[in-house]
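Residue-level structure breakdown
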Amino acid sequence: ARRKQKKSKKKPIWKKIFLSLVIIFVAIGIGVAALFSYYIATAPEIDTSQLADPLSSKVYDMNGELIADLGEFKRTKIEYDDLPTVLIDAVTATEDARFFEHPGIDIRRIGGAIIGNLRNGFGSEGASTITQQVIEKSFLTPDKKLKLKVQEQWLALQLEKEFSKEEILEMYLNKIYYGSGAYGVAKAAETYFGKTDLHELTLPEAAILAGLPQRPSAYDPTKNPDLTKQR
């Protein structure tokens, strides 16, 4: 009778398995939280001086004509008001469709990227918003490492607290490389289309500029027009 009583007190095997799984998941969760907390704690500070990029020196003659553009980086700084709607729409549609809605990171894109990375390996698919790209190019490196991605997302959330969407988009379009020695969208528009007023850009030209940063050399319209058209 005592043996039967002891057996009846034993927990069913499925309960033991369930309890073990709960303990494992809790332990993993605590470990991941601790690791991410360490990554965030060791992230660099947002130094506003690094958000702006060096400009090239322009030399004009007595008639106001440009005769030389000096410096390692050929860049012409623009402000948000210099951007036409057609360019803003092209860039956000290509790089970050919900840019004006999310807080710096796009949870929906992150979810899709996690699934893609589980299927094809870590780093196979990214979910970087425009804000995250500004952070990466200003403070981090493009290496596909978990630590850098966590820091990038954390700093993107902080950047959005300090600057408006318009200011961040302005930083992005002044910062990125478009190929042919052109840094920033203003210099790219001048290099590829001979236009110094961005409001003169046509829809096809805005689309080309929006697509160039992914692979500047490959999508160069002067060298690979067919590939540019596909892009």
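Keep in mind that what you see is a predicted model, and the values were worked out from it rather than measured. (Residues numbered from 1 in each chain as written. Predicted model: local features only at pLDDT ≥ 70, side-chain atom pairs only at ≥ 80, totals over all residues. Heavy atoms only, no water.)

**Notes on the overall build of the chain**
Our working definition: Strands here mean DSSP runs of E at least two residues long; helices mean DSSP runs of H or I at least four residues long; both are numbered from the N terminus. Residue exposure (1.4 Å probe, protein chains only): buried if accessible area is under 20% of the type maximum, exposed if over 50%, otherwise partly exposed. Throughout, a contact is declared for two residues whenever any of their heavy atoms are within 4.5 Å. The protein chains shown are the only cover counted for residues, whose accessible areas, like all others here, come from Shrake-Rupley with a 1.4 Å probe.
The number of helices and strands found in the chain is 10 helices and four strands. Ordered by position from the N terminus, the helices and strands of the chain form the series α-α-β-β-β-α-α-α-α-α-β-α-α-α. Counting all 231 residues of the chain, 36% fall into the buried class. A sequence separation of at least 24 residues applies to 56% of the contacts in the chain between residues at least 6 apart. By element, 57% of the accessible surface of the chain is carried by carbon and sulfur atoms, the whole surface being about 14,300 Å².

**Observations concerning the packing of helix α2 (residues 13-41) against helix α6 (residues 146-162)**
Packed helix pairs are specified by the crossing angle of their axes together with the interaxial distance, meaning the distance between the axes. Note the cut-off: Here the axes come from fitting lines to C-alpha atoms, over the contacting stretch only for helices, and the angles between their N-to-C directions go from 0 to 180 degrees. Angles are sorted into four bins: roughly parallel if under 35 degrees, roughly antiparallel if over 145, roughly perpendicular if 65 to 115, and oblique for all others. Take the far helix as your reference; a near helix turned counterclockwise from it by less than a right angle gives a left-handed crossing, and one turned clockwise gives a right-handed crossing. Amino acids outside the nonpolar list (Ala, Val, Leu, Ile, Met, Phe, Trp, Tyr, Cys, Pro) and the charged list (Asp, Glu, Lys, Arg) are all regarded as polar, and Gly is one of them.
Relative to each other, α2 and α6 sit at 65°, their axes nearing to 9 Å. As summarised for this structure, α2 and α6 are arranged roughly perpendicular, according to the angle between their axes. Of the two elements, α2 crosses α6, and the hand of that crossing is right-handed. On the side of α2, the interface is formed by F36, Y39 and I40, while α6 contributes L146, K147, V150, Q151 and W154. A per-class count over the contact of α2 with α6 returns six nonpolar, one polar and one charged.

**Quick notes on a negative patch on the surface**
Quick note on the threshold: Two distance rules govern patches: like charges are joined within 9 Å, and nonpolar side chains (Val, Leu, Ile, Met, Phe, Trp, Tyr) within 5 Å, applied only to residues with over 30% relative accessible area and no salt bridge. The salt bridge criterion pairs a side-chain nitrogen of Lys or Arg with a carboxyl oxygen of Asp or Glu, the two atoms within 4 Å. His is not counted, nor are the chain ends; Lys and Arg add positive charge and Asp and Glu add negative charge. Positions of charges follow a simple convention, taking NZ of Lys, CZ of Arg, CG of Asp or CD of Glu.
Together, E79, D81, D82, D197 and E200 make up a region of like negative charge exposed at the surface. Relative to the helices and strands, D197 resides in the loop between α8 (185-193) and α9 (203-211). Note on D197: relative accessible area 34%, which makes it partly exposed.

**A look at the pattern of salt bridges**
For the structure on display, the rule yields six salt bridges. Close ionic contact of D106 with R98 constitutes a salt bridge, the shortest N to O distance being 2.9 Å. Note on D106: relative accessible area 3%, which makes it buried. On the accessibility criterion, R98 (22% relative accessible area) is partly exposed. The residue E205 makes a salt bridge to K195 at a minimum N-O spacing of 2.7 Å. Taken together, the residues E205 in helix α9 and K195 in the loop between α8 and α9 connect sequence positions 10 residues apart. Here E205 matches K195 in class, with each residue buried.

**Topic: the environment of A210**
Following the sequence through the fold, A210 ends up in helix α9. Under the relative-accessibility criterion, A210 is labelled buried at 3%. Considered as a pair, A210 and V185 are 25 residues apart in the sequence and their alpha carbons are 9.0 Å apart. Each residue touching A210, except ones within four places of it in the same chain, is listed here: A90, V91, T94, E95 and R231.

All quantities given are derived from atomic positions and should not be read as evidence of function.
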